[in-house]
Protein chains: 2
Amino acid sequence: MPTHSPRSWSSRARRFRPQPDLAVSALVTSVRSPRVTAARRLHKRALRERERAFLAEGPQAVREALASTNEVRELFVGRTYAARDASLVELARAHGITVHDVGDEVVAAISQTVTPQGLVAVCEMVDVTLSAATAIPLSLVVVLSNVRDPGNAGTILRTADAAGADAVVFTTESVDPYNAKCVRGTAGSLWHVPVVVGADLAEASTALRTAGMQVLAADGEAPDDLDALLDADALRAPTAWVFGNEAWGLTSEQRAVCDRTVRIPIHGKAESLNLAAAAAVCLYASARAQRAR
Amino acid sequence: MPTHSPRSWSSRARRFRPQPDLAVSALVTSVRSPRVTAARRLHKRALRERERAFLAEGPQAVREALASTNEVRELFVGRTYAARDASLVELARAHGITVHDVGDEVVAAISQTVTPQGLVAVCEMVDVTLSAATAIPLSLVVVLSNVRDPGNAGTILRTADAAGADAVVFTTESVDPYNAKCVRGTAGSLWHVPVVVGADLAEASTALRTAGMQVLAADGEAPDDLDALLDADALRAPTAWVFGNEAWGLTSEQRAVCDRTVRIPIHGKAESLNLAAAAAVCLYASARAQRAR
């Protein structure tokens, strides 16, 4: 790796001089510039947590981030994207956000997708505490316990938003919702629904029950199925749905802190449903039951 | 790449001598052996279609393939997997299937997953014609029109199986169901539900209507939502669900060959649902409506 190319030298030499915000933009010409290095550090969970920041890639995520009340710290825009669509850049500048106009290779270096979409925002984390999330009247909540696949977690958060959920709780053992794949999977819903990170399942269950909810655990081995609950009108009550690990589901200790386990009926020969598909069925069953006259 | 290593020389020298089936196994010692090369060709759709064969990876898929009436042509088993579990290998041998005991690196070379699971089967394709699929009494059918993501398609096929669907139809523009990611996403359901490949949407719609089904297209812009159809008891009838492309949905021409479009209600701020989540909601709504007393 050339360490003395004019580009990196120039960015390294200048970085120690304090610069007003607008001038910062001019410094980001190289993939080795300090702002880019700082953004790339956010690929790692521990460094995201230290900075309380994460990366949002692509126009959809950036639009949702800009529309939310949570701070967008800076925006990197590649030349090709900027030439095609200036609207988000203008919106960001109108919000007073530092925009770095950079080469496509700089955005690609920050990006974690195979086909970078040309813009990446450094965003303030959005999660709230369990007590804040449970302080409002709750009808529908999702708890992800040991959910490890970021794509599944992101899709479930998006489905929870669509089904009108009031909060999504990630337990300590679950994937980080700020993981790039998860952020992408949420398709913007990360900014729509209050998210709790690093909760303990037993504590979350207690808090949700105290808030007047029944805590139902989706479990392929449960004696009662979803149709039985619907027939008994048991989904009309405020409900928190707990979904477990993709491979092994919920442990007996995890099931024990829930009020009831529920299985989705399998009418064909499939052994089980994909977790995100199962969550969609449960959440929409609740949404419909709660809205029925 | 060494072209004259003893291993590859030995397999090349022997491959022209005809061998009885059991002896074939001894030939597969190198990633460059003819059987391995032939199996790796199945990574490409055109070559899969020429051979009418595809690859099934991992114990779950191999178990389902062996349990089905469709032929398994040969099975590659890595040493580490074979040492851990012999049951599937024994089952395959009992069925008279040629089993190649190979090094882990050979299975890895045939595998298309990041973490190969140690066994790969070469399987006969399972798809049936549209007329065969529609010749039986039908209650629930899924049509994938322009669905391009193999993970989505595989998950929908798995959900269709779980919901008790009678067939899944892939139109010409959809992803190949024998794509490795799709096969993996089906979690075995590829061998459970009759699958039609390369159908024309208009022809499929006509055939399904002739078979007594209503053809409903899932469409975010539709005037009626799923709850309205459930309230009107309109999902009790035999139903074919058409799902369109992940990004742009269905074109007006595609919608025109369906009886009706239906939208899933969005109660929160999400713009839309992930396609596989939407399919899960629609298919389970139909499954419940059709089974209601």
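Chemist: Please give an account of the overall build of chain A that cites residues and values.
Modeler: Along the backbone of chain A there are 15 helices and 10 strands. Burial analysis of chain A (293 residues in total) assigns 54% to the buried set. Within chain A, counting contacts between residues at least 6 apart in sequence, those at least 24 apart form 79% of the total. Accessible area for chain A stands at about 12,800 Å²; split by element, carbon and sulfur atoms hold 52% of it. Across chain A, 32 positive and 32 negative side-chain charges occur, with their mean positions spaced 9 Å apart.

Chemist: Quick rundown of empty space enclosed by the protein? Include the residues and the values.
Modeler: Vacant regions in the atomic arrangement are exposed by a probe of water-molecule size rolled over the atoms. All names here are of chain B. Taken as a whole and assessed by the stated rule, the structure comprises two cavities of 30 Å³ or more. When residues of the lining of the largest cavity are traced back to their parent elements, those giving at least two are β1 (53–57) and α11 (180–186). Considering each element in turn, the lining of the largest cavity owes the most residues, three residues, to α11. Here the residues of the lining of the largest cavity sort into four nonpolar, two polar and two charged. Within this model, the second largest cavity holds a volume of roughly 60 Å³.

Chemist: Which residues make up the pairing of strand β3 (residues 98–102) of chain B, and what values do they have?
Modeler: All names here are of chain B. Counting buried positions over the five residues of β3 gives four, a clear majority of the element. For strand β2 (residues 72–78) and β3, the ladder comprises five bridges, and the chain directions are parallel. Opposite Phe76, over in β3, you have His100 as the bridge partner.

Chemist: Describe in detail unusual backbone geometry, supporting the description with residues and values.
Modeler: Phi angles above zero are rare outside glycine, and Asp233 of chain A is one such case at about 60°. Inspection of the secondary structure puts Asp233 of chain A in the loop between α13 (226–231) and β9 (239–243). Within the chain, Ala187 of chain B stands out as a residue other than glycine whose phi angle is a positive 50°. The residue Ala187 of chain B is located in the loop between α11 and β7 (195–199) in this model. According to the relative accessible area criterion, Ala187 of chain B is buried, its value standing at 14%.

Chemist: Go over the sheet that holds β7 of chain B, please, and point to the residues and values.
Modeler: Residues and elements named next belong to chain B. Ordered by their spatial adjacency, six strands build an open sheet running β7-β6-β5-β9-β8-β10, and the pairing between neighbours is parallel. Here the strands that pair on one side only, and so sit at the sheet edges, are β7 and β10 (260–262). For this sheet the average axis-to-axis angle between neighbouring strands, irrespective of direction, equals 25°. By the bridge criterion, four bridges tie strand β8 (residues 214–218) to strand β9 (residues 239–243) in an arrangement that is parallel. Directly across from Ala217, in β9, lies its bridge partner Val242. Relative to the sheet, helix α15 (residues 275–291) contacts β5 (140–144), β8 and β9, its axis offset from that of β9 by approximately 175°.

Chemist: Account for the pairing of β9 of chain A, naming residues and giving values.
Modeler: All names here are of chain A. In terms of burial, β9 is a largely internal element, five of the five residues being buried. Residues Thr239, Trp241 and Phe243 point to one face of β9 and Ala240 and Val242 to the other, with burial holding for every one of them. Alignment of strand β5 (residues 140–144) against β9, held across five bridges, turns out to be parallel. Considered in β9, the bridge of Leu144 is made with Phe243.

Chemist: Would you mind going over the interface of chain A and chain B in detail, with residue names and values included?
Modeler: Taken together, the contact pairs 32 residues of chain A with 32 residues of chain B. Surface buried jointly by chain A and chain B totals about 2,700 Å² across both partners, of which 54% is contributed by carbon and sulfur atoms. Per-residue buried area on chain A facing chain B is highest for His267, Tyr284 and Arg288 of chain A; these three make up 23% of the total on that side. Taken together, chain A and chain B are joined by four salt bridges. With its nearest N and O atoms 3.0 Å apart, the salt bridge here joins Asp231 of chain A to Arg288 of chain B. Between the two partners, chain A and chain B, sit 24 residue pairs in polar contact (both at pLDDT 80 or more). It is helix α15 (residues 275–291) of chain A that provides the largest number of residues to the side of chain A that touches chain B, a total of seven residues.

Chemist: Talk me through the relation of the copies chain A and chain B; I want residue IDs and the actual numbers.
Modeler: Expressed as a screw operation, the relation of chain A to chain B combines 0.0 Å of axial shift with a rotation of 180°, fitting to an RMSD of 0.0 Å. The relationship between the two copies is best expressed as a two-fold rotation axis. Comparing interface residues between copies, 100% of those in chain A also lie at the interface in chain B; the contact surface is shared.

Chemist: Talk me through the confidence of the model for chain A; I want residue IDs and the actual numbers.
Modeler: For any part of a model where pLDDT is low, the fine detail of the predicted coordinates should not be relied upon. Per-chain confidence: chain A averages 90 in pLDDT, with 90% of residues scoring 70 or above. Scored below 50 in pLDDT, residues 1–26 of chain A makes 26 contacts in the model with residues more than four places away or belonging to other chains.

Chemist: Account for the packing of helix α10 (residues 150–162) of chain A against α15 of chain A, naming residues and giving values.
Modeler: All names here are of chain A. The N-to-C vectors of α10 and α15 enclose an angle of 15°; their axes lie 9 Å apart at closest approach. As far as their axial angle goes, α15 and α10 are roughly parallel. Judged by the twist between their axes, the crossing of α10 over α15 is right-handed. Contact with α10, carried on its side by Asn152, Thr155, Ile156, Thr159, Ala160 and Ala162, involves Leu275, Ala276, Ala279, Ala280, Leu283 and Tyr284 of α15 and no other residues of that element. Counted by class, the contact of α10 with α15 contains nine nonpolar, three polar and no charged residues.

Chemist: So, the nonpolar core: which residues are in play, and what are the values?
Modeler: Core analysis: the largest hydrophobic core is formed by 132 residues, its most contacted members being Trp191 and Trp241 of chain A together with Trp191 and Trp241 of chain B. Apart from the residues lying within four places of it in its own chain, the contact partners of Trp241 of chain A are Leu140, Val141, Val142, Val143, Leu216, Ala218, Leu226, Leu235, Val262, Cys282, Leu283 and Ser286 of chain A. Val143, Val196, Leu201 and Val242 of chain B belong to the second-largest nonpolar core, a separate cluster that totals 20 residues.

Chemist: Describe the environment of Ala218 of chain A, listing the residues and the values that go with them.
Modeler: Structurally, Ala218 of chain A can be placed in strand β8 (residues 214–218). With 18 residues separating them in the primary sequence, Ala218 of chain A and Arg236 of chain A have C-alpha atoms 17 Å apart.

Chemist: Can you tell me about the packing of helix α5 (residues 58–67) of chain A against helix α7 (residues 87–94) of chain A, naming the residues and giving the values?
Modeler: Residues and elements named next belong to chain A. Following both chains from N to C, one finds α5 and α7 inclined at 25°, their axes separated by 11 Å at the closest point. Viewed along their axes, α5 and α7 adopt a mutual orientation that is roughly parallel. When you trace α5 past α7, the crossing you get is left-handed. When α5 is examined against α7, the residues Pro59, Val62, Arg63 and Leu66 are found in contact with a partner set consisting of Leu88, Leu91 and Ala92.

Chemist: Residues and numbers for the packing of aromatic side chains, please.
Modeler: Residue and element names in this part refer to chain A. If you walk through the whole model with that rule in mind, you get six aromatic pairs over all chains. Here the aromatic rings of Phe54 and Tyr178 are separated by 4.5 Å at their centres, their planes lie at 40°, and the arrangement is tilted. Separated by 124 residues along the polypeptide, Phe54 in strand β1 (residues 53–57) and Tyr178 in the loop between β6 (167–171) and α11 (180–186) bring together distant segments of the chain. Under the relative-accessibility criterion, Phe54 is labelled buried at 0%. Owing to a relative accessible area of 3%, Tyr178 belongs among the buried residues under this scheme.

Here is what the cut-offs are and how they apply
- Residues numbered from 1 in each chain as written.
- Chains lettered and ligands numbered in written order.
- Predicted model: local features only at pLDDT ≥ 70, side-chain atom pairs only at ≥ 80, totals over all residues.
- Heavy atoms only, no water.
- Helix = DSSP H or I, 4+ residues; strand = E, 2+ residues; numbered from the N terminus.
- Buried < 20%, exposed > 50% of the residue type's maximum accessible area, 1.4 Å probe, protein only.
- Contact = heavy atoms within 4.5 Å.
- Areas by Shrake-Rupley, 256 points an atom, 1.4 Å probe, with all protein chains shown as cover.
- Lys, Arg positive; Asp, Glu negative; His and termini not counted.
- Charge placed at Lys NZ, Arg CZ, Asp CG, Glu CD.
- 1 Å grid on protein atoms, 1.4 Å probe; cavity = no way out; pocket = protein on both sides within 12 Å on 5 of 7 lines; lining within 4 Å.
- Points joined across faces, edges and corners; volume = space filled by probe spheres on them.
- Nonpolar A, V, L, I, M, F, W, Y, C, P; charged D, E, K, R; others polar.
- Pairing = 2+ DSSP bridges.
- Axes fitted to C-alpha atoms, helices over the stretch in contact; angles between N-to-C directions.
- Buried area = accessible area lost by both parts, 1.4 Å probe.
- Salt bridge = Lys/Arg side-chain N within 4 Å of Asp/Glu carboxyl O.
- Polar contact = N/O pair within 3.5 Å; in protein donor to acceptor, adjacent residues only side chain to side chain.
- Least-squares fit on C-alpha atoms with pLDDT ≥ 70 in both.
- pLDDT = per-residue confidence, 0-100.
- Parallel < 35°, antiparallel > 145°, perpendicular 65-115°, else oblique.
- Left-handed = near helix turned anticlockwise from the far one by under 90°.
- Core = buried A, V, L, I, M, F, W, Y, C linked by side-chain atoms within 4.5 Å.
- Phe/Tyr/Trp six-rings, centres within 6.5 Å; stacked < 30°, edge-to-face > 60°.

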